[in-house]
Structures are given as C-alpha cells and as structure tokens.
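Breakdown of the fold
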Amino acid sequence: MNREHIVESFFKKDHILTKEALDFLEDRDVEEFLNREYKNTVLMEADFIAGIRVLKNLIHKPKETTTEDFLQFYTSKYEKLRKIIMERLPKDYVSLNKLDSSRNEVYVIGIVKDIKDTDKKIIELEDPTTTMSVIFDKNEKNIEDIELDDVIAVKATAAGKVIYGKQILFPDTPLRQPVRGVGKACFISDIAVDESPMQTEAVFKWLETEDIANVFVLGKIGDIEKFESLVDEYCTNKNVVVSVVGKEFPSLAEAFQSRRIISLSNPAMIEVGGIKVMLSSRMDMQKIKKRHIGKSDIVLAEDYLVIEDVPDIVHHSSNEPTIQNYKSITLVSAGSPSARFAPVLVDLATREASFVEKFK
C-alpha cells in the first residue's frame, strides 16, 4: 500500500499519522494496524511498536492565547477534577450559590482562590456559580497541604454567607491491588551525557547484556548526538522511551534522528507490558494525591496536567535516587550524575524495584 492510501485509510478511521508513523508503516502490513483500537487521534510511531501504547503525549501548543482560551483552560481543570472527585467520592454535592443558613451538613467542590491565616484558616472557594469563604480550625487534617488553585471537596456546615469546614477531601487515587505486567524495565533520569560520559557508556554497556525490553530516560540528556549513538550501539533489541525537559512545562517531545528512540512530551504516559507508566520531571506524592502535576507554563485547549488515568509507575526527576510507593503506585527516580546516580530496575511481573549502582 502506498503512502497516500495509508494516510487515506487511517483518515477514514478518524486518525491522522505523523511523518514518523507513516515512515514506520510504509514497509509493513498495514491491515494489521488498521484493525487495532487507538486512544489517540494523532498517531505517532510509538503507537505501532509492539507492546507500547501511548496514552498521553502533547503534540501541539498554541502560538498565542486569548482571554477565552484562559477561561477554557482553567474551567477544564475544574471540570476534570470535579469528575474525578464525584466518581471516587459519591456524595450529594451542592453548588455554592445554593447554600443556605440551615446549619445542615453539606458537601461542596471548588477551586481554592485564596488562603487567609487568622486564628482560623479561611479558604476562599470558587465554583462556576460563586465564591464563598470556608472557615477551618488550624488543626484540621490536610489543611496545611492546601495550595492556591487546588480543586478540593469539602464536608461542611452551611451557615449563610460562610460555611464551616469539617473535612478536606482531595481527588486522590483509589485503594487497589498492584497491577502486574510482564518483562523488566530500567528507569534513568537526568543522564547528562556531557557531565559523565564514562559512567553513561558503562550504563549502556550494562543494558546491552541485560534482559530488559524497555528503557525509560527522563530529564536532561546533554549531548544528544552522543546519546543517540549509545542507543543505536547498545539498545538494538530494546524500546528506548525518552521524555526530555524543555524550556516550558509541559514541553513537546525532543526531535531525535535515531529510529530506536520513542520521543514523548514531558509529561507523558504510556502502557507497556500491561503497566501504565507516567513520565514527568515534576512529581511527588502530594501531586498524585491532588491528581494534578502543578502549575502549567503554557495555556492549552485544556489542562494537560490533570492526572486523569491512574499510573502504576511514575518516573520523575530528583537529585537523589528514590523508590517510593503510594496506593500501589511506584514512584522512581535515578537521581542525577551531579549528586548520586543509580538507575532503577523494575520487574513488571512482581513490581519489585531496586537500584543498580554497579555495572558489569
């Protein structure tokens, strides 16, 4: 099938191909790929690689924004997180403009627009209908974790022009059994090829000898040409997924020449070996609890930093290597060569994670 017919065939199924995806398909049996189900509208090469499914990848950012764009962007954050809260914590939520002075117990959802410290903690909460003050005791659980622009649910007592908060509820993630997959994966962060070329090459030589199907590289790469040459030399039988830190957050994927590299935006999410892996240079447990990665440097058609799908593994950046667990989510970082560096090896079948500090 020629390139024109490939493009037309996918377009009929409401999918657009990137140039890389088209190059990948040109010398293959296209019928096999046409019958697959894809979550994305714009398909990239990584969507077709065996065992890899791209769940989240930013491929476009606007050149300019309007006032309407800002409103739509912040509204999308509220609506997405409100949906997560209502699905996870089903209650009879009330709009702020419908509250009265009945002293009844109520549940509300809003976005935090202001935080005031007096002898109490006063949160200005806003929903699409109005803004209202929520008064908390300073010893209330989770009160110190609240930040501006958080979307939260509040259990409270209605009292006319204000409500008295009794409990703060974050979107959070459900309790569940750890998801188990197949194969092994290695996670490397802030590899900085320029700063430690001998160490970097030692890591790749070690990777060549290991039964590891997927390698995830996040953060600062350094010398891109040298990095690509290492991938091409030592990772001939592996998927190398790369998410590079850009000037903005979120940032688009870096352009690589090597066909062995699957380049994704920062943040991004893929599914590999039955496991959902999120890559984000900015991440911690609080962000997972709030289901939001943090402040966006750019205004998009919707808030890209809401964590809509719960990941199984989160690959993030930090100075020190870390392995943490939160509600069956494994957070890993390999640290950085400028401090302490130790790639993380994860057995997707058992979900066991360990540091690799010696490369033989």
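As shown above, the structure is provided for reference.
Everything in this summary refers to the structure shown in the same document. (Residues numbered from 1 in each chain as written. Predicted model: local features only at pLDDT ≥ 70, side-chain atom pairs only at ≥ 80, totals over all residues. Heavy atoms only, no water.)

Description of the pairing of strand E13 (residues 268-272)
For clarity, the cut-off: A 1.4 Å probe rolled over the protein chains alone gives each residue an accessible area, and that area as a share of the maximum for its type sets the label: buried under 20%, exposed over 50%, partly exposed in between. Labels follow the DSSP assignment, with helices taken as runs of H or I lasting at least four residues and strands as runs of E lasting at least two, numbered in each case from the N terminus. Here the rule is simple: two strands pair whenever DSSP picks up at least two bridges between them.
The element E13 is largely enclosed, with a buried count of 4 among its 5 residues. Where strand E3 (residues 52-57) and E13 come together, 5 bridges link them in antiparallel fashion. Bridge pairing links Lys 56 to Met 269 in E13. When E13 meets strand E14 (residues 275-279), the two strands line up antiparallel, connected through 5 bridges. Looking at E14, one finds that Ala 268 is bridged to Leu 279. The hairpin turn running from E13 into E14, its antiparallel successor, is 2 residues long, and Gly 273 in that turn takes a positive phi close to 55 degrees.

A closer look at the sheet that holds E14
Here is the rule we go by: Helix axes are fitted only over the stretch in contact, all axes being lines through C-alpha atoms; the angle between N-to-C directions runs from 0 to 180 degrees.
Spatially, 6 strands are ordered E3-E13-E14-E15-E17-E16 in an open sheet, and the strand pairing comes out mixed. The sheet is open, and its two edges are formed by E3 and strand E16 (321-326), each paired on a single side. Pairwise comparison of adjacent strand axes, ignoring direction, gives a mean angle of 20 degrees for this sheet. Direction of pairing for E16 relative to strand E17 (residues 329-334): antiparallel, over a ladder of 6 bridges. Bridge pairing in E17 links Pro 321 to Ala 334.

Examining the packing of aromatic side chains
Condition: Pairing of aromatic rings covers Phe, Tyr and the six-membered ring of Trp, with a centre-to-centre limit of 6.5 Å; geometry is then stacked below 30 degrees between planes, edge-to-face above 60, and tilted otherwise.
Under the definition given, this model contains 5 aromatic pairs. Aromatic side chains Tyr 93 and Tyr 107 sit 6.2 Å apart centroid to centroid with 80 degrees between the ring planes, which places their arrangement in the edge-to-face category. Taken as a pair, Tyr 93 in the loop between helix H4 (67-88) and strand E4 (105-117) and Tyr 107 in strand E4 lie far apart in primary sequence, 14 residues in all. Taken together, the ring pairs in this structure connect Phe 204, Phe 227 and Phe 256 into an aromatic cluster.

A look at the nonpolar core
The cut-off we apply is this: Residues belong to one nonpolar core when they are buried, are Ala, Val, Leu, Ile, Met, Phe, Trp, Tyr or Cys, and are joined through side-chain atoms within 4.5 Å.
Counting 26 residues, the largest nonpolar core has Ile 188, Phe 204, Leu 207, Val 217, Phe 227, Val 240 and Val 242 as its most contacted members. Of all the elements in the fold, those that place two or more residues in this core are strand E9 (184-189), helix H5 (197-209), strand E10 (214-219), helix H6 (224-234) and strand E11 (239-244). Phe 187, Leu 218, Val 241 and Ile 313 belong to the second-largest nonpolar core, a separate cluster that totals 21 residues.

Structural notes on unusual backbone geometry
Look at the link from Phe 249 to Pro 250: it is a cis peptide, with omega at 0 degrees. Mapped onto the secondary structure, Pro 250 falls in the loop between E11 and strand E12 (261-264). Each neighbour pair has its own omega, and for Asn 266 with Pro 267 the value is 5 degrees, a cis peptide bond. Within the element layout of this structure, Pro 267 appears in the loop between E12 and E13. The phi dihedral of Asp 190 is positive, around 50 degrees, even though this residue is not glycine. Positionally, Asp 190 belongs in the loop between E9 and H5. Among the residues examined, Asp 190 registers a relative accessible area of 12% and is labelled buried.

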